[in-house]
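# Structure at a glance
As a plain string of letters, each chain reads:
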Amino acid sequence: MHESSIVEGILRIVSDEATRHGAPRISRVNLAVGLLACVESRTLTACFELLAEGTPAEGAPLDVQLLPMRGVCPACGDVETRRRKFSCPSCGDDAVHWIGGRELYIASIEVPGPDAIDLPAAAQTTEG
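Residues numbered from 1 in each chain as written. Predicted model: local features only at pLDDT ≥ 70, side-chain atom pairs only at ≥ 80, totals over all residues. Heavy atoms only, no water.

Taking the UniProt record as the reference, the feature "binding site: Zn(2+)" (unreviewed entry) is found at Cys73, Cys76, Cys88 and Cys91. Across 19 residues in sequence, these annotated residues keep their C-alpha atoms within 8.8 Å of one another, forming a single compact spot. You can see Cys76 is positioned in the loop between strand 3 (69-73) and strand 4 (77-81). Residue classification places Cys76 among the partly exposed residues on the basis of a relative accessible area of 36%. Excluding its chain neighbours within four sequence positions, the residues that come into contact with Cys76 are Cys88, Ser90 and Cys91. (UniProt positions renumbered as here; feature names shortened; annotations may be inferred. Helix = DSSP H or I, 4+ residues; strand = E, 2+ residues; numbered from the N terminus. Buried < 20%, exposed > 50% of the residue type's maximum accessible area, 1.4 Å probe, protein only. Contact = heavy atoms within 4.5 Å.)

Right, let's talk about the pattern of salt bridges for a bit. All told, the structure shown has five salt bridges when counted by the stated rule. Arg42 serves as the salt-bridge partner of Glu40, at 3.5 Å between the closest nitrogen and oxygen. For Glu103, the salt bridge is made with Arg70, and the minimal N-O distance between the two is 2.9 Å. Taken together, the positions of Glu103 in the loop between strand 5 (97-100) and strand 6 (104-110) and Arg70 in strand 3 put the pair 33 residues apart, joining distant regions of the chain. By sharing partners, the salt bridges in this structure join Arg28, Asp63 and Glu110 into a single network. (Salt bridge = Lys/Arg side-chain N within 4 Å of Asp/Glu carboxyl O.)

The next thing to look at is the UniProt feature "binding site: Ni(2+)" (unreviewed entry) in the protein. Mapped onto this structure's residue numbering, the UniProt feature "binding site: Ni(2+)" (unreviewed entry) falls at His2. In this fold, His2 is placed in the segment before helix 1 (3-20). For His2, a relative accessible area of 36% corresponds to the partly exposed category. Those residues in contact with His2 that lie beyond four places of it in its chain are Cys38 and Val39.

All right, on to the packing of helix 1 against helix 2 (residues 41-51) then. Packing of helix 1 against helix 2 brings their axes to within 9 Å, and their N-to-C directions diverge by 55 degrees. Relative to helix 2, helix 1 is oriented oblique. In this structure, helix 1 crosses over helix 2, and the sense of that crossing is right-handed. The residues of helix 2 that touch helix 1, namely those facing Glu3, Ser4, Ile6, Val7, Glu8, Ile10 and Leu11, are Thr43, Leu44, Cys47, Phe48 and Leu51. Here the residues of the contact of helix 1 with helix 2 are counted per class, giving eight nonpolar, two polar and two charged. (Axes fitted to C-alpha atoms, helices over the stretch in contact; angles between N-to-C directions. Parallel < 35°, antiparallel > 145°, perpendicular 65-115°, else oblique. Left-handed = near helix turned anticlockwise from the far one by under 90°. Nonpolar A, V, L, I, M, F, W, Y, C, P; charged D, E, K, R; others polar.)

Right, here's the structure in full:
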């Protein structure tokens, strides 16, 4: 279960960002996960709930947004699918060059108050 090590990294990042912005508590973490990132959303959220105890994220939900696979089909151009099928979702061609679907990054961190913390690209993580 590599989800626990992923969650440890997420908690380290969100705790550092909360400290950097002077937020004593985190109210929600929004995570974007590609269809091919090889992680289980339910396991991520369960690990987050457990490992967040005693951190600024304790009690905060981890919301996971599943990102589609994106690719380029020689016949159709840009395509995307939410199914783990490697042929073109439009024409069925197997020559699709898949360029997206392995992402794993923190999309935003919400803290009590009106604004969420949007992370700069350098703070986002990608698992591939």
